[in-house]
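Residues per chain, in single letters:
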Amino acid sequence: MANIITRYIPNTLTCCNLLSGCIACHMAFESQYKAAFLFIIIGAIFDFFDGMAARLLQVSSPIGKELDSLADDITFGLAPASIVFSLFKEVHYPASLEPVMHIMPYTAFLIAIFSALRLAKFNIDERQVSSFIGLPTPANALFWASLTVGSYDFLTSEQFNALYLFILVIVMSLLLTAEIPMFSLKFKDTSWENNKRSYLFLIVCIPLFLIFGLSGFAAIILWYILLSLITCKLK
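Residues numbered from 1 in each chain as written. Predicted model: local features only at pLDDT ≥ 70, side-chain atom pairs only at ≥ 80, totals over all residues. Heavy atoms only, no water.

**Topic: the overall build of the chain**
Part 1 of the reasoning: For the chain, the helix and strand inventory stands at nine helices and two strands.
Part 2 of the reasoning: Scanning the chain from its N terminus toward the C terminus, one meets helices and strands in the order α-α-α-α-β-α-α-α-β-α-α.
Part 3 of the reasoning: Its C-alpha atoms give the chain a radius of gyration of 18 Å, within 12% of the compact-globule value 18 Å for 235 residues.
Part 4 of the reasoning: If one aligns the C-alpha atoms of the chain with their principal axes, the spans along those axes are about 60 × 45 × 30 Å.
Part 5 of the reasoning: Taking all 235 residues of the chain together, the buried fraction comes to 45%.
Part 6 of the reasoning: Here the analysis covers contacts within the chain between residues at least 6 apart in sequence; of these, 76% occur between residues at least 24 apart.
Part 7 of the reasoning: Entry remark: accessible area of the chain is about 12600 Å², with carbon and sulfur atoms responsible for 70%.
Part 8 of the reasoning: Across the chain, the 14 positively charged side chains and the 16 negatively charged ones have centroids separated by 10 Å. (Helix = DSSP H or I, 4+ residues; strand = E, 2+ residues; numbered from the N terminus. Rg over C-alpha atoms; globule rule 2.2 N^0.38 Å. Buried < 20%, exposed > 50% of the residue type's maximum accessible area, 1.4 Å probe, protein only. Contact = heavy atoms within 4.5 Å. Areas by Shrake-Rupley, 256 points an atom, 1.4 Å probe, with all protein chains shown as cover. Lys, Arg positive; Asp, Glu negative; His and termini not counted. Charge placed at Lys NZ, Arg CZ, Asp CG, Glu CD.)

In structure tokens:
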């Protein structure tokens, strides 16, 4: 009986991730951005523990891997896309964009499409064992949710408009599948020499949270991208 129960623990956690993503999508379509942000974070926690549980219990399976990707595309692909879809309906449209203002919100779903491509690529890419190629989908989801919640007043002001949001969607979507090495926060040991980049990243994260508040996650993801690009160039 114990073996039967433990066998399904990782997949149950993955389904909890999927459920969190579905709720986040609903909240996003209702423009309840803080709730959507919260459920994306909850989904990320379940996503972290399902893999850990599978390794600890030694019950990894092909179906678990596929289920994990499907859940991730909902929580970290469709949910942030839904947030941006709703945000497109609230941002300022200059006169030149008014003819396409009913079409532009649907461009938000590029985030879901590129997230699916990113996850499919990750599943077959043997290079992504200890690091990543392209922006991880959870990081992209946290960026959009945090940015919307923390900078909502600015994003819906006349200082910002739908064209800027569209450009940002394109840039972040392309980063998901870009052939850019992105470092992992996995520590092999506690030494400074072997983990300088990770320690530097974490040290800067603290003031970013203090300065930007709810937008802190978005600022941290931008810092993560910048640091990855810098270290990539230095190699």
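That was the structure; now back to the text.
**Section: the packing of aromatic side chains**
Aromatic rings considered in pairs are described by the distance between their centres and by the relative angle of their planes.
Part 1 of the reasoning: As enumerated under the stated definition, the model contains 14 aromatic pairs in all.
Part 2 of the reasoning: Aromatic pair Phe85 and Phe109: ring centres 5.3 Å apart, planes at 35°, arrangement tilted. Residue Phe85 is found in helix H3 (residues 62–88), and its partner Phe109 is found in the loop between H3 and helix H4 (110–124); the two are separated by 24 residues along the sequence.
Part 3 of the reasoning: What makes Phe85 buried here is its relative accessible area of 9%.
Part 4 of the reasoning: Judged by relative accessible area, Phe109 falls into the partly exposed class, the value being 21%. (Phe/Tyr/Trp six-rings, centres within 6.5 Å; stacked < 30°, edge-to-face > 60°.)

**Considerations on the packing of H3 against helix H7 (residues 162–177)**
Part 1 of the reasoning: As a packed pair, H3 and H7 sit with axes 11 Å apart at the nearest point and diverge in direction by 165°. By the angle between their axes, H3 is roughly antiparallel relative to H7. Handedness of the crossing formed by H3 with H7: left-handed. Contact residues: H3 offers Val84, Leu87 and Phe88, while H7 offers Ala162, Leu165, Phe166 and Val169.
Part 2 of the reasoning: In the contact of H3 with H7, the residues fall into seven nonpolar, no polar and no charged. (Axes fitted to C-alpha atoms, helices over the stretch in contact; angles between N-to-C directions. Parallel < 35°, antiparallel > 145°, perpendicular 65-115°, else oblique. Left-handed = near helix turned anticlockwise from the far one by under 90°. Nonpolar A, V, L, I, M, F, W, Y, C, P; charged D, E, K, R; others polar.)

**A word on the packing of H3 against H4**
How two helices sit against one another is set out by the angle between their axes and by the gap between those axes.
Part 1 of the reasoning: With their axes 8 Å apart at the nearest point, H3 and H4 run at an angle of 155° to one another. On the basis of the axis angle, H3 is roughly antiparallel to H4. For H3 against H4, the interelement crossing comes out right-handed. On the side of H3, the interface is formed by Lys65, Ser69, Asp72, Asp73, Phe76, Gly77, Leu78, Pro80, Ala81 and Val84, while H4 contributes Ile111, Ala112, Ser115, Ala116, Leu119 and Asn123.
Part 2 of the reasoning: Considered class by class, the residues forming the contact of H3 with H4 number nine nonpolar, four polar and three charged.

**Observations regarding the side chain of Ser146**
Part 1 of the reasoning: Relative to the elements of secondary structure, Ser146 occurs in helix H5 (residues 137–150).
Part 2 of the reasoning: Once you skip the residues sitting within four places of it in the chain, Ser146 turns out to touch Phe37, Ser151, Leu214, Ser215, Gly216, Phe217 and Ala218.

**So, the state of the cysteines**
Part 1 of the reasoning: Taken as a whole, this structure holds zero disulfides when the rule is applied.
Part 2 of the reasoning: Cys22 takes part in no disulfide bond, and the closest cysteine sulfur to it belongs to Cys25, at a distance of 6.3 Å.
Part 3 of the reasoning: The partly exposed category is assigned to Cys22, whose relative accessible area is 41%. (Disulfide = S-S within 2.5 Å.)

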